[in-house]
Amino acid sequence: GQQVMQIPQYQHVQEGEDFTTYCNSSTTLSNIQWYKQRPGGHPVFLIQLVKSGEVKKQKRLTFQFGEAKKNSSLHITATQTTDVGTYFCAGSGGSYIPTFGRGTSLIVHP
Amino acid sequence: GAVVSQHPSRVICKSGTSVKIECRSLDFQATTMFWYRQFPKQSLMLMATSNEGSKATYEQGVEKDKFLINHASLTLSTLTVTSAHPEDSSFYICSAYSSGTGSYNEQFFGPGTRLTVL
C-alpha cells in the first residue's frame, strides 16, 4: 500500500533559524496536504498542493510539491517560538483518504 | 473553517469497562468521518473510515469488535472502546470530511479524547 515517509522526526532550531521538513511517497500522489499540531492540540489544516512543481507561500512558510508528485517539502524562514509543533504531511493517491507521514516535531529555542 | 467537536475530552476508566466517544460536525454535514489513534510523540494511525449509514471500514490490525463505530447521521459518529484495557490508553482523534466543505476538501479534526484505562 501507499507509504508516506517524513523526515526528520525532530528538529531543534534557534529562534530565527530556518526549518525544513521533507515528505516522500512510495507512489505518485494526486495531492498532498500539510497539517500542524500544536503540543496538546489537534491537527489543523495548513494547505493543499495539487499541481506538479507547485509552490505556495503562507507568510514565512513555503510549500513545494515535486515535479514527479512523489515528494513535498515545508520550509519555514526565520522560525519563531509560535512555530513550535508537529508538522504532518498527508498524501492522497487514488483514494481520497490521505496517508499521514509520521510528522516532524519542531522545537524552537529562544 | 468548519468545526468538529469531540466528547469527552478526557476519560479515565477501569479495565474491562466500555467507553463511548462522540464526534460531531457542528456546522457542516460530514459524509465521511475518520477515527485516528495517536500515541505520544507519534503520528496519526488511521483506525477506521466511517460513512453515514453504512458499516465502517477498518484498517488492518484494528479489531472491529473492540472498536465499535456508528455513524448514525451526517453530523455524528461514535467510537466505543469495548472492554478497555490499559494498552488501549491513547489519544483518540476524529476528523470529518465532506466533498465541497472547505477550500480543499481537507479533513477537519476534533480536539481529541485522552483515554486512560487503569
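Here we summarise the structure given alongside this text. (Residues numbered from 1 in each chain as written. Chains lettered and ligands numbered in written order. Predicted model: local features only at pLDDT ≥ 70, side-chain atom pairs only at ≥ 80, totals over all residues. Heavy atoms only, no water.)

### Considerations on the sheet that holds strand β8 (residues 76–81) of chain B
Residue and element names in this part refer to chain B.
And then number 1: Pairing is antiparallel in the open sheet, where 4 strands are placed in the order β1-β3-β8-β7. The sheet is open, and its two borders are formed by β1 (4–7) and β7 (67–73), each paired with just one other strand. Taken pair by pair, the neighbouring strands of this sheet meet at an average axis angle of 15 degrees, ignoring direction. (Pairing = 2+ DSSP bridges. Helix = DSSP H or I, 4+ residues; strand = E, 2+ residues; numbered from the N terminus. Axes fitted to C-alpha atoms, helices over the stretch in contact; angles between N-to-C directions.)

### Section: the state of the cysteines
And then number 1: Taken as a whole and assessed by the stated rule, the structure comprises 2 disulfides over all chains.
And then number 2: Across the disulfide, C23 of chain A is cross-linked to C89 of chain A (sulfur-sulfur distance 1.7 Å). Judged by the torsion about the S-S bond (60 degrees), the C23 of chain A/C89 of chain A disulfide is right-handed. Of this pair, C23 of chain A sits in strand β3 (residues 19–25) while C89 of chain A sits in strand β9 (residues 85–92), and the two are 66 residues apart along the sequence.
And then number 3: For C23 of chain A, a relative accessible area of 1% corresponds to the buried category.
And then number 4: Looking at C89 of chain A, the relative accessible area reads 0%, which means it is buried.
And then number 5: The residue that forms a disulfide with C23 of chain B is C94 of chain B, at a sulfur-sulfur distance of 2.0 Å. The S-S bond linking C23 of chain B to C94 of chain B shows a torsion near 80 degrees; that makes this disulfide right-handed. Taken together, the positions of C23 of chain B in strand β3 (residues 19–25) and C94 of chain B in strand β9 (residues 90–97) put the pair 71 residues apart, joining distant regions of the chain.
And then number 6: The buried category is assigned to C23 of chain B, whose relative accessible area is 0%.
And then number 7: Under the relative-accessibility criterion, C94 of chain B is labelled buried at 0%. (Disulfide = S-S within 2.5 Å. Buried < 20%, exposed > 50% of the residue type's maximum accessible area, 1.4 Å probe, protein only.)

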